[in-house]
Every structure is written in structure tokens, then in C-alpha cells.
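Here are the chains, one letter per residue:
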Amino acid sequence: MKEIARKLNGEISRLTNKTFKFDKRVSEGWFSAVYFLKTRDIVADQLPEHKVTMQFFQKDTAVLCGTDEAIALIHTFAENPEELEIHSLKDGDKISPYETVLTITGPYQLFGFLEGIIDGILARRTSVATNVYNVVKAARSSGRQKPIIFMGDRDDHFTQQSGDGYAAFIGGSTAQATHAMNEWWGKEGMGTMPHALIQMFKGDVVAATKAYQKQFPNDQLMALVDYNNDVITDSLKVAREFGDELKGVRVDTSQNLVDKYFLRNQHLMGTFDPRGVNPELIFALRRSLDKEGYRHVKIVVSGGFTKERIRAFEEKKVPVDMYGVGGSLLKIGIGFTGDNVLINGEPEAKEGRRYKVNPRLEYVEFHKEDEGE
């Protein structure tokens, strides 16, 4: 059973290194800024009895993510982690600018070298979770929640997929493109066909869809229909061929192209941007499918969608059933800062970084198994 299932069942309060599987070189200081390592050695030699409180914050309204991961990191790599006192908010909490999200109290030399790594964990996970949350929110602005497929596999290094997928889950996306994205929280990735499959069948969308159905007969049948830049024609071709078996079509037209529908109907142009996946193309596609009795076929759109673009589609009530979103969800725009703010219980901090009490913080118990494997 995945740890996330145990957490959701209330059996454990937080995910541990059994989920995260940290690189063991963290303990060697491999990923820590050298000045943290030097400070650890100085304090261990000259001020070993001092206890500090380190607090973490950021400067935006956001959806917090990465606290379980950061705490697991501390419990796994801090020296004598049972001696540390940790208070934290939880993954998924809505946070305010400058709100304290995590505090660690104990001898600096036990954990201080992890400061930058914790900042990085919280920054990336919170950025992705917040980006996804904002996109999900935009996708319900018409009054009905449209699902968001997290398609960020090609927009960043593959080693980030598990953590990004978990952060996307915290932000509200429950459909993701790769198995790795689902590793920490879900089961398997989802997806149908890429343009490469249609290319192998020389642009014949019907033949490619038949091949897909033969190989994966239990999947929900969804055809990619923009390969020939003739979305409506190819959508109707597959709909006529597969009828009720066709569950959806995906439109992924390049932003540099004008679909052939508009080239055949140039009288329609002049009052909107006809390039890429645009509202008028989707309205026309929906009308064409409905006219021939294919009202059950859902429309999925992808290709350069952002929260602003989704909101614009929803405000116009464009008949989209699902959005595929990638690169815009992975922009890291939220940075965290860790500061030592108390020493031996007394205020002592960089100017402007005073200790900020947050009654929402919860005490985190240390369990031996939190150290993971």
C-alpha cells in the first residue's frame, strides 16, 4: 500500500522517506551550499550548546506543498533528529505572504546544513501546487469544473516528475501523463496517442486510432485530430468510423497554424485570431460533431494553455471538456527563505527577519520509521 493511502486513511500523519527515496549523498553535504557546511563545523566546534530556531516563509498567496518532504529530509539526514522540535503547516494549506510555514528548533550543527535544500523543496513543490490550483480554479470559472491533465513531462528534467506530479495532485490535478508523476500519490499515468503514432500511419488518423484500439481495447478511445491541421474533417472521420466507441478527440493545433476549416471558410475570419487552438475552432468542432449525432464525443484541448487562457475560454463558454496543461505549471515563481530567528529562546535575527509566531503550526512527532530505508 502506498504511504499516501495510509495518510488519507489516517494511519500516518505525513509521508516519509519510504515515499521520497532521497539521494543518500544528502548526508555527505553534497547538495548543501558550502558555507552551510563550514558554519556547521564552526558551530559544532565552538558553540555546540547553542540552540537555534529556524523559520521558513515566502512572499505570496499560495498553496503550500513540500512540508512532508522537507520533514522527511530532516528526519532522515539530520544528526540525532529526535532532539529537534519541528512545527509545520501541512501540504495543501493555503498560505499568506510572510506566514511562517515551518520551524525547526535544536542545535544548529544537527540540521543547519539542510537549510538550502529545504528552501528548494518548498519552493518547487509550492510553485507547482499553486500553479495547478490556479489553473484548476480557472477551469471552473464557467460554473462547471473541467478536469486538468498534467502534461509537464517534456517541460523539465525527468527526475522531477514524481515530485511535480505529487505537487500537481495537491494543487488539484488528478490526471497525469506519466507513471512517474503518479508515483507518490496515484496509480498509473494516463494518455492516448501522440502525433508520432499518426505519423507512423502516414497521417491516417482513422488507421492510427484503429491500431490503438486493437492494442488497448479496454482504454477509453480518444483520437488526436490536429495532425493534418484539419480538425473538424478528421474528427468526423473517426466519429463516423467508431461511433459510440469514440469517447473524445484532442485538439493540439500549433499556435503558428490556421486550421484548414478557416481556409475553407475565410468569410468567418477578420474579428479573431484564427491561429492555434482558438475558441471559434472549438465552437465549430462542437457544432459539427453535434450535427451528425456525436454529442457524446468530448473535446480535449492542449498546447500552450495557461490560467489566463483557460479563464478566457471559460468566460466565453467554449465547449471544452478537459484541458491538457504542461509548461506553464512548472514555472518556479515562489521562493522560500529560512532564517535563524531565536538563539537559546531569545530573539536574534537578521534585521527585518524577526520571529513570527503562527498558531496554525502543528507539532511534528518524530518516529523512528520516518527515517525511511
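Anyway, here's the lowdown on the structure attached to this text. Along each chain, numbering runs from 1 in the same order as the chain's sequence is written. Confidence filtering applies because this is a predicted model: local features only for residues at pLDDT of at least 70, side-chain atom pairs given and counted only at 80 or more, and all residues used for totals across whole chains, interfaces and linings. Each side-chain value is worked out from all heavy atoms of the structure, with water and hydrogens disregarded.

Further remarks concern the environment of Leu 73. Mapped onto the fold, Leu 73 is located in helix α4 (residues 67–77). Counting along the chain gives 159 residues from Leu 73 to Ile 232, while the straight-line C-alpha distance between them is 51 Å. We call two residues in contact whenever any of their non-hydrogen atoms come within 4.5 Å of each other. The residues touching Leu 73, leaving out its near neighbours within four places in the chain, are Phe 22, Val 26, Ala 78, Leu 114, Ile 117, Ile 118 and Ile 121. Secondary structure is summarised from DSSP: a helix means a run of H or I of at least four residues, a strand means a run of E of at least two, and numbering begins at the N terminus for each.

Glancing now at the nonpolar core. Within the largest apolar cluster, 98 residues are counted, with the highest numbers of intra-cluster contacts made by Leu 114, Ile 118 and Tyr 323. Considering every element that reaches this core, the biggest residue donor is helix α6 (residues 115–138), with 11 residues. Apart from residues lying up to four places away in sequence, Ile 118 is in contact with Phe 56, Ala 70, Leu 73, Ile 74, Leu 102 and Ile 104. Nonpolar core, defined: a set of buried Ala, Val, Leu, Ile, Met, Phe, Trp, Tyr and Cys residues in which side-chain atoms within 4.5 Å join the residues together. Burial classes follow relative accessibility: with a 1.4 Å probe on protein chains only, a residue under 20% of its type's maximum area counts as buried, one over 50% as exposed, and anything between as partly exposed. With 5 residues, the next largest nonpolar core counts Ile 149, Ala 175, Val 300 and Met 322 among its residues.

So, on to the packing of aromatic side chains. Each pair of aromatic rings taken from Phe, Tyr and Trp, with Trp reduced to its six-membered ring, is defined by centres within 6.5 Å and is described as stacked if the planes are under 30 degrees apart, edge-to-face if over 60, and tilted in the remaining cases. Counted by the stated rule, this structure contains 13 aromatic pairs. Between the aromatic rings of Tyr 166 and Trp 184, the centroid separation amounts to 5.9 Å while the plane-to-plane angle is 55°, which identifies the pairing as tilted. Placement of the pair is Tyr 166 in helix α7 (residues 161–171) and Trp 184 in the loop between β7 (175–176) and α8 (195–200), with a sequence separation of 18 residues. For the pair Tyr 166 and Trp 184, one class covers both residues: buried.

With that settled, the discussion passes to the packing of α4 against α6. Where helices are involved, their axes are fitted lines through C-alpha atoms of the stretch in contact, as for all axes, and angles between N-to-C directions lie from 0 to 180°. For the pair α4 and α6, the least separation of the axes is 9 Å and the interaxial angle reads 160°. Between α4 and α6, the angle is such that the two are roughly antiparallel. For the crossing formed where α4 meets α6, the hand is right-handed. In this structure, α4 uses Thr 67, Glu 69, Ala 70, Leu 73 and Ile 74 to contact α6, whose residues at the interface are Ile 117, Ile 118, Ile 121, Leu 122 and Arg 125. Each residue gets one label: Ala, Val, Leu, Ile, Met, Phe, Trp, Tyr, Cys and Pro are nonpolar, Asp, Glu, Lys and Arg are charged, and the others, such as Gly, are polar. A class-by-class count of the residues in the contact of α4 with α6 yields 7 nonpolar, 1 polar and 2 charged. Oblique is the label for every angle not falling under 35 degrees (roughly parallel), over 145 degrees (roughly antiparallel), or within 65 to 115 degrees (roughly perpendicular). The handedness criterion is simple: a crossing whose near helix is rotated anticlockwise from the far helix by less than a right angle is left-handed, and one whose near helix is rotated clockwise is right-handed.

Turning our attention to the sheet that holds strand β1 (residues 51–57). Pairing between strands is defined by DSSP: at least two bridges between them are needed. What the 6 strands build is an open sheet, ordered β13-β12-β1-β5-β3-β14; its pairing is antiparallel. Both edges of this open sheet fall to β13 (346–347) and β14 (362–364), since each of them pairs with a single strand only. Pairing analysis gives 4 bridges linking strand β3 (residues 85–88) to strand β5 (residues 102–107), with the strands arranged antiparallel. Across the sheet, the residue bridging to Ile 86 is Ile 104, located in β5. Strands in contact with α4 are β3, β5 and β14; relative to β3, the strand with the most contacts, it is inclined by about 175°.

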